Structure formats: C-alpha cells, structure tokens
Amino acid sequence: PAAAAVAAPASVASPAAAAADFAAPSDGGGAASEPRAVSASELKAHGGCGEGEPCWVGLYGRVYDFASFLDEHPAGPTSISDLGGADGTVAFEHIHNEAMLSEFDDVLIGRLEA
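Residues numbered from 1 in each chain as written. Predicted model: local features only at pLDDT ≥ 70, side-chain atom pairs only at ≥ 80, totals over all residues. Heavy atoms only, no water.

### Topic: the sheet that holds strand β3 (residues 62–65)
- Sheet architecture is open: 4 strands sit in the order β1-β4-β3-β2, paired in mixed fashion. The open sheet is flanked by β1 (36–38) and β2 (56–59), the only strands paired with a single partner. Here the average twist between neighbouring strands, direction ignored, is 40°.
- Of the pairings in the sheet, the one linking β2 to β3 comprises 4 bridges and is antiparallel in character. (Pairing = 2+ DSSP bridges. Helix = DSSP H or I, 4+ residues; strand = E, 2+ residues; numbered from the N terminus. Axes fitted to C-alpha atoms, helices over the stretch in contact; angles between N-to-C directions.)

Here it is in structure tokens:
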C-alpha cells in the first residue's frame, strides 16, 4: 500500500476504531463506561473556550475538553481555542501525532458521531 503523508500509529486502524478503544470518564465515580456519543451540535455548543467555559475539540473521532490545558499549551491557548467546537484533526496532525493524545485520557468526553 502507498504510504500516507502522516501515518497513524500501527495500533490504530481508523478513527472510529480508535474512538471505540477509549472509555469516557464515568459520571458517578467508579469504573469508566463506554464512550458516550457526542453529536456535532453538542460539540459546537461546548466549544466556546472562554474563561470558565468548556473547550471541546474533536480529534480522530474522539471529543476532548481541553479547557484545563489551554494556559499550559506551549503554543498558547489560541491554537486550541480556534479549534473549539469543531473537528480539529487536520490542524492537529500538522503539528502533533495521535499518540500524544494518550496524555489526555482524563479529559476525554466521548466519541464523535459520524
């Protein structure tokens, strides 16, 4: 097969498969549950990224709330907040790789509905 410009880690078959591998935080403590479905409209509604607001970003079929990371991001908060409420996979993979997201399992909201 032809090589892709940006290859996903060998352990990731597709964005949908990757989303299925992650468990969302549970609502009431205890064990994590299956990732919940997040619609595009719900993602958009939580993408304000203002002070004290959620900052949901879709990446590789999963949705993360990066609000707590905005001020820690080495390139500054704007590079994340500009992606708030949308699928930022293309912009993300220009700079980062999917494997980096393992550091953000604690802010995983769920899987983005197709």
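Following the structure, the description resumes.
### Quick notes on the side chain of D65
- Here D65 is to be found in strand β3.
- In terms of polar contacts, D65 uses its side chain to reach the backbone amide nitrogen of C55, at 2.9 Å. (Polar contact = N/O pair within 3.5 Å; in protein donor to acceptor, adjacent residues only side chain to side chain.)

### Notes on the pattern of salt bridges
- Within the structure shown, the criterion is met by 2 salt bridges.
- Linking R62 and E98 is a salt bridge whose minimum nitrogen-to-oxygen distance equals 3.2 Å. Remark: E98 occurs in the loop between α4 (89–95) and β4 (108–112) and R62 occurs in strand β3; sequence separation between them is 36 residues.
- Assessed through its relative accessible area of 1%, R62 is described here as buried. (Salt bridge = Lys/Arg side-chain N within 4 Å of Asp/Glu carboxyl O. Buried < 20%, exposed > 50% of the residue type's maximum accessible area, 1.4 Å probe, protein only.)

Taken by themselves, the reported measurements are silent on function.
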